[in-house]
Amino acid sequence: MTSTTNGTAKKRPVYRNINIFTDVRTYRLPPAGFVSILHRVSGLLMFLLLPFIIWMFDNSLTSEISYDAFTNAFVAGIGFVPAWFIKLVVLGLAWAYLHHFIAGVRHLWMDATHSVSKEQGHSSAVFTLAASVLLTLAVAAKLFGLY
């Protein structure tokens, strides 16, 4: 209990950890929390799929034959892996890169300007989420042949 200036006691708020089994369904995470979690997820996804990225880069640059095999993977697939799955993995990598980049720029902007408020954090988090989704949809449209 803390006391105020007039002598009456004011009850202090109690902070507790969130119980994953009971509280996770009712807890409302702010947009900045989603951006923070997705920033970590996107970094992990890019790290785990780094061998696939290196394989794509190697096959796209080694020779004309390997480039043809690389582009054919998006049409016919590779072995038992269908082409739509490869496109989906590449789309996931594109989202991870776009989100991670935009969220990183958001963090750099907040660090450089020192103007962090609740409203700015909310609006920049909403912008980060919207921009990464919209850019990923544009990549998906190109990847799946809509234009």
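Here the structure is a predicted model, which is why all the values come from computation and not from measurement. (Residues numbered from 1 in each chain as written. Predicted model: local features only at pLDDT ≥ 70, side-chain atom pairs only at ≥ 80, totals over all residues. Heavy atoms only, no water.)

Caption draft 1: Region of interest: the side chain of His99. Position of His99 among the secondary structure elements: in helix 4 (residues 83-113). Separated by 3.5 Å, the side chain of His99 and the backbone nitrogen of His39 make a polar contact. Every residue in contact with His99, bar those within four places of it in the chain, is listed here: Val35, Leu38, His39, Ser42, Thr128, Leu129 and Ser132. (Helix = DSSP H or I, 4+ residues; strand = E, 2+ residues; numbered from the N terminus. Polar contact = N/O pair within 3.5 Å; in protein donor to acceptor, adjacent residues only side chain to side chain. Contact = heavy atoms within 4.5 Å.)

Caption draft 2: Representation of the nonpolar core in the model. Counting ten residues, the largest nonpolar core consists of Met56, Phe70, Ala73, Phe74, Ile86, Val90, Leu91, Leu93, Ala140 and Leu143. For this core, the elements supplying multiple residues, two or more each, are helix 3 (64-76), helix 4 and helix 5 (118-143). Apart from the residues lying within four places of it in its own chain, the contact partners of Ile86 are Phe52, Ala73, Phe74, Gly77, Ile78 and Val81. (Core = buried A, V, L, I, M, F, W, Y, C linked by side-chain atoms within 4.5 Å. Buried < 20%, exposed > 50% of the residue type's maximum accessible area, 1.4 Å probe, protein only.)

Caption draft 3: Focus on helix 3. Counted at 1.5 Å a residue, the expected span for helix 3 with its 13 residues is 18 Å, and the 18 Å between its end C-alpha atoms agrees. Every buried residue of helix 3 is listed here: Ser66, Phe70, Ala73 and Phe74. Taken around the axis of helix 3, the buried residues stretch over an arc of 95°, which confines them to a single face. Among the exposed residues of helix 3, those pointing more than 90 degrees away from its buried face are Glu64, Ile65, Val75 and Ala76. (Expected span 1.5 Å × (residues − 1). Arc of directions from axis to C-beta.)

Caption draft 4: Inspection of the packing of aromatic side chains at higher detail. According to the stated counting rule, one finds six aromatic pairs in the structure shown. Taking the centre distance of 5.4 Å and the plane angle of 85° together, the rings of Phe70 and Phe74 count as edge-to-face. Here Phe74 and Phe70 lie together in helix 3, a separation of four residues that amounts to about one turn. Here the two residues Phe70 and Phe74 agree in accessibility, since each one is buried. For the pair Tyr97 and Phe101, a centre-to-centre distance of 6.0 Å together with 20° between the ring planes defines the contact as stacked. Of this pair, Tyr97 and Phe101 both sit in helix 4, separated by four residues, roughly a single helical turn. (Phe/Tyr/Trp six-rings, centres within 6.5 Å; stacked < 30°, edge-to-face > 60°.)

Caption draft 5: Highlighting the packing of helix 2 (residues 50-61) against helix 4. Between helix 2 and helix 4, the least distance of the axes is 12 Å, while the angle of their chain directions is 110°. Viewed along their axes, helix 2 and helix 4 adopt a mutual orientation that is roughly perpendicular. Here Phe52, Ile53 and Met56 of helix 2 lie close against helix 4, whose contacting residues are Ile86, Val89, Val90 and Leu93. The class makeup of the residues in the contact of helix 2 with helix 4 is seven nonpolar, no polar and no charged. (Axes fitted to C-alpha atoms, helices over the stretch in contact; angles between N-to-C directions. Parallel < 35°, antiparallel > 145°, perpendicular 65-115°, else oblique. Nonpolar A, V, L, I, M, F, W, Y, C, P; charged D, E, K, R; others polar.)

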